[in-house]
Amino acid sequence: MASFDVFVRTPLGRYQGTISLSIDGGVVTGEAAFMVFTTSFSGTASGNDLAFSGIFGTPAGNVPYSAKAVLSESGIEGSLDTQLGPMTFSSKEGK
């Protein structure tokens, strides 16, 4: 399992979090955490490109999301689409 410290940009601001994931064949599974939220996800992997989805459980209700990400030697970068608006994440601090 690979684990990354990430910076998450949300409509409510910028937060630090983690993404842990495993890739087996063309399947990616893992967990993401930021603020007080943790979510499990699953999806597909094709080379360094990932597509996955899950649901954040929040006090206001469940927030489904879909994400796309790219793995590289220097980390992970990607974006999420949610009903609360788009979010991005990167293991690079300036992103």
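Computed from a predicted structure; not experimentally measured.

Draft legend 1. Layout of the nonpolar core. Core analysis: the largest hydrophobic core is formed by 23 residues, its most contacted members being Leu21, Phe41, Leu50, Phe52, Ile76 and Phe89. Only strand S1 (2–10), strand S2 (13–24), strand S3 (27–34), strand S4 (37–46), strand S5 (49–58), strand S6 (61–72), strand S7 (75–82) and strand S8 (87–90) provide two or more residues apiece to this core. Ranked by residues supplied to this core, first place goes to S6 with 5 residues. The residues touching Phe41, leaving out its near neighbours within four places in the chain, are Ile19, Ser20, Leu21, Val28, Thr29, Gly30, Glu31, Ala32, Phe52, Ser53 and Tyr65.

Draft legend 2. Representation of the side chain of Thr82 in the model. Mapped onto the elements of the fold, Thr82 is located in strand S7. In this structure Thr82 comes out as buried when scored by relative accessible area, which is 14%. Polar contacts involving the side chain of Thr82 include one to the main-chain amide nitrogen of Leu84, which spans 3.0 Å. In terms of polar contacts, Thr82 uses its side chain to reach the backbone carbonyl oxygen of Gly85, at 2.6 Å. Beyond its immediate chain neighbours, meaning those up to four positions away, Thr82 contacts Val63, Pro64, Tyr65 and Met87.

Draft legend 3. Representation of the packing of aromatic side chains in the model. Tallying each qualifying case throughout the model produces 5 aromatic pairs. With a centroid separation of 4.9 Å and 35° between ring planes, the pair formed by Phe56 and Tyr65 is classed as tilted. Considered together, Phe56 and Tyr65 belong to a single accessibility category, that of buried residues. In this structure an aromatic cluster arises from ring pairing among Tyr15, Phe34, Phe37, Phe56 and Tyr65.

Basis of the calculations
- Just so you know, the residues in each chain are numbered from 1, in the order the chain's sequence is written.
- Restriction of local features to residues with pLDDT of at least 70 applies here, the model being predicted, together with a cutoff of 80 or more for giving and counting side-chain atom pairs; totals for whole chains, interfaces and linings are based on all residues.
- Only hydrogens and water are set aside; all other atoms, that is, all heavy atoms of the structure, feed into the side-chain values.
- Side-chain atoms within 4.5 Å are what join buried Ala, Val, Leu, Ile, Met, Phe, Trp, Tyr and Cys residues into a set we call a nonpolar core.
- Burial status follows relative accessibility: with a 1.4 Å probe on protein chains alone, a residue under 20% of its type maximum counts as buried, one over 50% as exposed, and anything between as partly exposed.
- Helix and strand definitions follow DSSP, with helices as H or I runs of at least four residues and strands as E runs of at least two, each counted in order from the N terminus.
- In what follows, a contact means two residues having at least one pair of non-hydrogen atoms within 4.5 Å.
- Two N or O atoms count as a polar contact when they lie within 3.5 Å, although within protein this holds only if one can serve as hydrogen donor and the other as acceptor, and sequence-adjacent residues are included solely when both atoms are side-chain atoms.
- Any pair of Phe, Tyr and Trp rings, taking the six-membered ring for Trp, is counted once the centres come within 6.5 Å. Such a pair is stacked with planes under 30 degrees apart, edge-to-face with planes over 60 apart, and tilted for the rest.

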